[in-house]
Amino acid sequence: MTTITERVAARMEAPHMDPSWPLDPDLTFLNHGSYGLCPRPVLEAQARYRLMVERDPVSFFVRDLERHLDESRAALATLLRARPQDFAFTGNATVAIATILHEMDWKPGDEILASDHEYMSAINEIRRLEQKRHIRLVSPAIPIPVRDSDQLLDAIMAGVSPRTRLAIVSHITSPSALILPVERLVSRLKARGIRVLVDGAHAPGQIPVDLTSLGADYYVATLHKWVCAPKGSGFLWVNPDSGPRPRPIALSSRASEERPWRDLFLRDFDYQGTADYTGQIAVKDAIAFMSSLMPGGLEALRRRNHQMAVEGRRRICETLGIDPVTPDDLCPSMAAIPMPAMPAPLQGKRYTFGDPIQDRLVEDHRIQVPVWNNPTTGRRWCRVSAQIYNRPEQYDRLAEALREELRREQSMG
Ligand SMILES: Cc1ncc(COP(=O)(O)O)c(C=O)c1O
């Protein structure tokens, strides 16, 4: 029987040998960012919760569900520095964003500000509102290369007009892995009377989050990404000073129940019909597991992962003979690398992973990393992630594979 200190020491020496991560050993996995990865101990906790549900589903759903969710909510509130009662669990960030967008009282001509690096689920939902509610998306461009956060602040604020009602701002952008200056954005936007929704899908577990001092109106995230909770665990946080709370897109059979001792916001979101809530119940286990990985806890893990991402990008850029286009200090535990545009003969075809280079990386090199075109800017990126199970040589492998594949593309003209 090894002690926790021995296990931590062994992990630090050879984190990729840690059996906690159920990864395919033949795969170079450099895409923690898209869907996260759930470690075995957390999956085991979830399996125990699933068995608990099936021992007596009626008692679970009617009597115990809220109590279990309250335990996870308390752990989440401590991690993100806010009151537990202001968090509602959702299946993911996509649903949380749609919930807020559909609950706002729109008037024709209202504008939503969302830069061209915002995630497509938010943009698609806004496009739907453009048709149904006659509002308008205003999408200022993030300048590339990025010099510093002042430039990002100015670029986003340039999209504000007297008609802006809501701004959606990613805490960490998806295509470019940039930490946006959300604190300054929230204070400048709110000073103009604009509601602010921070899309923090990537932030919890990757960078420190202090919701109380941030003061946004809404904050949403997924917990299956960097908190490494089971898939299907996200949340919506609503500022207690921001007026009436949203209700879920689908009201459950319990929405009309009289239970004055429990807040409607919690009643509404804790039960959204029969579903598998065990991922959300295991959020507390995920937070505890991730906090136990390094002697300095989550803060030490974040620092290590950030350094690994930046070092990985440095190696790749050196091999490809290019410069990074975003500053190291604005990278979290991910870093984006600009890719040359897809040659004309390859455009308009069908690719399994959306891009011919990503297909070849997976199929020929067994490397999983996103290579994608940002649909709003047309710019092509490769985004590397760094998590405890990654090691520096994996970025060298990717660098060599990218060099080979880009040469092949160039030869096609
Ligand atoms: C910035 C951002 N927002 C929202 C999402 C959606 O997350 P989910 O698929 O968990 O709903 C993502 C997913 O990658 C994202 O990067």
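Every value quoted in this text rests on a predicted model; they were computed, and no experiment measured them. (Residues numbered from 1 in each chain as written. Predicted model: local features only at pLDDT ≥ 70, side-chain atom pairs only at ≥ 80, totals over all residues. Heavy atoms only, no water.)

Draft legend 1. Structural view of the sheet that holds strand E2 (residues 87–90). Spatial strand order, E2-E8-E7-E6-E5-E3-E4: seven strands in an open sheet with mixed pairing. Single-partner strands in this sheet number two, and they are E2 and strand E4 (136–138). Strand-to-strand twist in this sheet, taken as the mean axis angle between neighbours without regard to direction, amounts to 20°. In this structure, strand E7 (residues 218–222) lies alongside strand E8 (residues 234–238), joined through five bridges in antiparallel fashion. When the sheet's bridge partners are listed, Tyr218 is paired in E8 with Val238. Contacting strand E3 (111–114), E4 and strand E5 (164–170), helix H6 (residues 120–133) crosses the sheet at an angle of about 145° to E4. (Pairing = 2+ DSSP bridges. Helix = DSSP H or I, 4+ residues; strand = E, 2+ residues; numbered from the N terminus. Axes fitted to C-alpha atoms, helices over the stretch in contact; angles between N-to-C directions. Contact = heavy atoms within 4.5 Å.)

Draft legend 2. Quick look at the site of the ligand. Taken together, Asn92, Ala93, Thr94, Tyr119, Ser170, Ser174, Asp199, Ala201, His202, Thr222, His224 and Lys225 form the complete shell of residues around the ligand. Contact distances for the ligand include 3.3 Å between an oxygen atom and a backbone N or O atom of Ala93. The side chain of His224 places a nitrogen or oxygen atom 2.9 Å from an oxygen atom of the ligand. Protein chains bury 90% of the 390 Å² of accessible surface belonging to the ligand in isolation. In the shell around the ligand, the residues fall into three nonpolar, seven polar and two charged. (Near = heavy atom within 4 Å. Polar contact = N/O pair within 3.5 Å; in protein donor to acceptor, adjacent residues only side chain to side chain. Areas by Shrake-Rupley, 256 points an atom, 1.4 Å probe, with all protein chains shown as cover. Nonpolar A, V, L, I, M, F, W, Y, C, P; charged D, E, K, R; others polar.)

Draft legend 3. Highlighting the pattern of salt bridges. On inspection of all chains with the given rule, the structure shows 39 salt bridges. For the salt bridge of Lys107 with Asp105, the shortest nitrogen-to-oxygen distance reads 3.7 Å. What makes Lys107 partly exposed here is its relative accessible area of 46%. Between Asp285 and Lys284 there is a salt bridge, and its shortest N-O distance comes to 3.9 Å. (Salt bridge = Lys/Arg side-chain N within 4 Å of Asp/Glu carboxyl O. Buried < 20%, exposed > 50% of the residue type's maximum accessible area, 1.4 Å probe, protein only.)

Draft legend 4. Layout of the domain arrangement of the protein chain. When the domains of the protein chain are assigned, the result is domain 1 (4–30 + 296–412) and domain 2 (44–289). The distance between the C-alpha centroids of domain 1 and domain 2 comes to 27 Å. Listed per partner, the contact involves 28 residues of domain 1 and 26 residues of domain 2. Counting each side, the surface lost to burial between domain 1 and domain 2 is near 2300 Å², with a carbon and sulfur contribution of 67%. If you look at where domain 1 meets domain 2, you find zero salt bridges. Remark: the boundary between domain 1 and domain 2 carries seven residue pairs in polar contact (both at pLDDT 80 or more). (Domains from an automatic or database assignment. Buried area = accessible area lost by both parts, 1.4 Å probe.)

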